[in-house]
Amino acid sequence: MGVSPRIAIDAMGGDEGLAVMLDGVALARRQNDGLRFLLVGDREQIEAGLKTHPNLAAASEIVHADEVIGGNDKPSQAIRRARTTSMGLAIAAVKDGSADAAVSSGNTGALMAMAKIALRTMKGIDRPALAALLPTLGDNDVVMLDLGANTECDSENLVQFAVMGAAYARIVMALKRPRVRLLNIGVEELKGTDEVKEAAAQLRAAKPLAMQFDGFIEADRLGRGEADVIVSDGFTGNIALKSIEGTARFITDLLRRAFTSSLRSKAGFALSRPAFRMLKVHLDPNNHNGAVFLGLNGIIVKSHGGADAQGVANAIGVAAKLARDDISRRIAEDLENFRAHTRTVPAAAQ
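Residues numbered from 1 in each chain as written. Predicted model: local features only at pLDDT ≥ 70, side-chain atom pairs only at ≥ 80, totals over all residues. Heavy atoms only, no water.

## Examining the environment of Leu137
Piece 1. Relative to the elements of secondary structure, Leu137 occurs in the loop between strand 5 (129-134) and strand 6 (142-145).
Piece 2. Residues Leu137 and Leu222, spaced 85 residues apart in sequence, show a C-alpha to C-alpha distance of 9.7 Å.
Piece 3. Beyond its immediate stretch of four places on either side in the chain, Leu137 contacts Gly223, Arg224 and Gly225. (Helix = DSSP H or I, 4+ residues; strand = E, 2+ residues; numbered from the N terminus. Contact = heavy atoms within 4.5 Å.)

## Let's talk about the sheet that holds strand 8 (residues 212-217)
Strands in a sheet are paired, the pairing made by backbone hydrogen bonds, and the direction either parallel or antiparallel.
Piece 1. An order of 3-2-1-4-11-10-5-6-9-7-8 is seen for the 11 strands of this open sheet, with the pairing classed as mixed. Both outer strands of the open sheet, strand 3 (60-64) and strand 8, are each paired with one neighbouring strand and no more. Ignoring which end each strand starts from, the neighbouring axes of this sheet average 25 degrees apart.
Piece 2. Sheet analysis places strand 10 (residues 291-294) next to strand 11 (residues 300-302), joined by two bridges and oriented antiparallel. Paired with Val292 across the two strands is Val301, which belongs to strand 11.
Piece 3. Against the sheet, helix 8 (residues 194-205) touches strand 7 (179-183) and strand 8, its axis set at about 160 degrees to strand 8. (Pairing = 2+ DSSP bridges. Axes fitted to C-alpha atoms, helices over the stretch in contact; angles between N-to-C directions.)

## Thoughts on a negative patch on the surface
Piece 1. A surface patch of negative charge is lined by Asp126, Asp154, Asp194, Glu195 and Glu198.
Piece 2. Examined against the element boundaries, Glu198 turns out to sit in helix 8.
Piece 3. The partly exposed category is assigned to Glu198, whose relative accessible area is 36%. (Patch = residues over 30% accessible without salt bridge, like charges linked within 9 Å, V, L, I, M, F, W, Y side chains within 5 Å. Areas by Shrake-Rupley, 256 points an atom, 1.4 Å probe, with all protein chains shown as cover. Salt bridge = Lys/Arg side-chain N within 4 Å of Asp/Glu carboxyl O. Lys, Arg positive; Asp, Glu negative; His and termini not counted. Charge placed at Lys NZ, Arg CZ, Asp CG, Glu CD. Buried < 20%, exposed > 50% of the residue type's maximum accessible area, 1.4 Å probe, protein only.)

## So, the pattern of salt bridges
Piece 1. Applying the stated rule across the entire model yields 11 salt bridges.
Piece 2. Arg170 is the salt-bridge partner of Asp334, the closest N and O atoms lying 2.6 Å from each other. Within this pair, whereas Asp334 is found in helix 12 (residues 327-344), its partner Arg170 is found in helix 7 (residues 155-172), the two being separated by 164 residues in sequence. A single burial state applies to Asp334 and to Arg170, both of which are buried.

## Some remarks on the side chain of Thr85
Piece 1. With respect to the helices, strands and loops of the structure, Thr85 is situated in the loop between helix 4 (75-80) and helix 5 (86-95).
Piece 2. Side-chain polar atoms of Thr85 contact the backbone nitrogen of Gly88, separated by 3.2 Å.
Piece 3. Excluding residues within four positions of it along the chain, Thr85 makes contact with Ala65, Glu67, Val68, Ile69 and Met114. (Polar contact = N/O pair within 3.5 Å; in protein donor to acceptor, adjacent residues only side chain to side chain.)

## Concerning the packing of helix 1 (residues 18-31) against helix 11 (residues 309-324)
Piece 1. Across the interface, helix 1 lies against helix 11 with an axial gap of 7 Å and an inter-helix angle of 55 degrees. Here helix 1 is positioned oblique relative to helix 11, judged by the angle of their axes. Relative to helix 11, helix 1 is oriented so that their crossing is right-handed. Along the contact surface, helix 1 presents Val20, Met21, Asp23, Gly24, Val25, Leu27, Ala28 and Gln31, while helix 11 presents Ala309, Gln310, Val312, Ala313 and Ile316.
Piece 2. Per-class residue counts for the contact of helix 1 with helix 11 are nine nonpolar, three polar and one charged. (Parallel < 35°, antiparallel > 145°, perpendicular 65-115°, else oblique. Left-handed = near helix turned anticlockwise from the far one by under 90°. Nonpolar A, V, L, I, M, F, W, Y, C, P; charged D, E, K, R; others polar.)

## Observations regarding the layout of surface pockets
Piece 1. Roughly 220 Å³ of volume is contained in the second largest pocket.
Piece 2. Around the second largest pocket, the lining residues are Ile79, Ala82, Arg83, Gly88, Leu89, Ile91, Ala92, Lys95, Asp96, Met114, Ile117 and Ala118.
Piece 3. Of all the secondary-structure elements, those providing two or more residues to the lining of the second largest pocket are helix 5 and helix 6 (108-119).
Piece 4. With five residues, the single largest contributor to the lining of the second largest pocket is helix 5.
Piece 5. Residues belonging to the lining of the second largest pocket are distributed by class as follows: eight nonpolar, one polar and three charged. (1 Å grid on protein atoms, 1.4 Å probe; cavity = no way out; pocket = protein on both sides within 12 Å on 5 of 7 lines; lining within 4 Å. Points joined across faces, edges and corners; volume = space filled by probe spheres on them.)

Written as structure tokens, this is what we have:
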């Protein structure tokens, strides 16, 4: 992409309100001076908020929206209100080409439903998948998908997720051949559902890809840095994600309780503060904010509803990078390469 991307922002979505969204967009603008924005929402409120962000105001255009999608709104309700809501109009900006990507902190189900209807899935992709970066103990984060967009998946869906996840990892982590694994109940080839075993067989057979398929991985190894992309159906992936998030909160709360239980513990905490500061940074979801709906004819990034300004800025950074590196083109090329190879592989080898 020759020019800096323009990002449509659902300014009214999210739990923290317009002020935090604008703070995050302004921070993203300071971090990347070339970014431009469509701020979608109540014009009067946005204009008032921009008075404290003159640098952002100079790079932004406001698109007025009368309504906001609420956190409890059903996807069917959201779809009917797509043309009047800040979320719907942000997606529409991607569809009509006035924005290169959209970012929303609003209702995930509504965002997915409206994006699928407005943008449609790419040629060769049956279902879009929700992908996000998770922290690991390795040198890189790990891309995990699907995280909840599809509760049931067949082997073809899982193969497509692997191709999309690898393309995503090559962009966001600058990896030439990301290591891809399928989430399973064991690493042995005979374990798992028929869908998972069939997907693994297809991925093993397709060798000349811009990925390295390393077989299966169990849930207790997700954060060890042993894979760059982890693929699962949305039901399993969402449970795994929530388990990781819950465990992280459990550990931090347990440590906080332990270090405030006595004067000696408090003294120990004072000595250990630098280590715990590093732990907090590593586990802070704001530092990995920005899940992506891969497989659509357009870039839609979901920011966590409770994200702070830094988290919003990180989500915008993900959207900008994917737009610059043309993620849709990369996925299409990788999928065509995969299909071309599998058409030439003898049936006995698959």
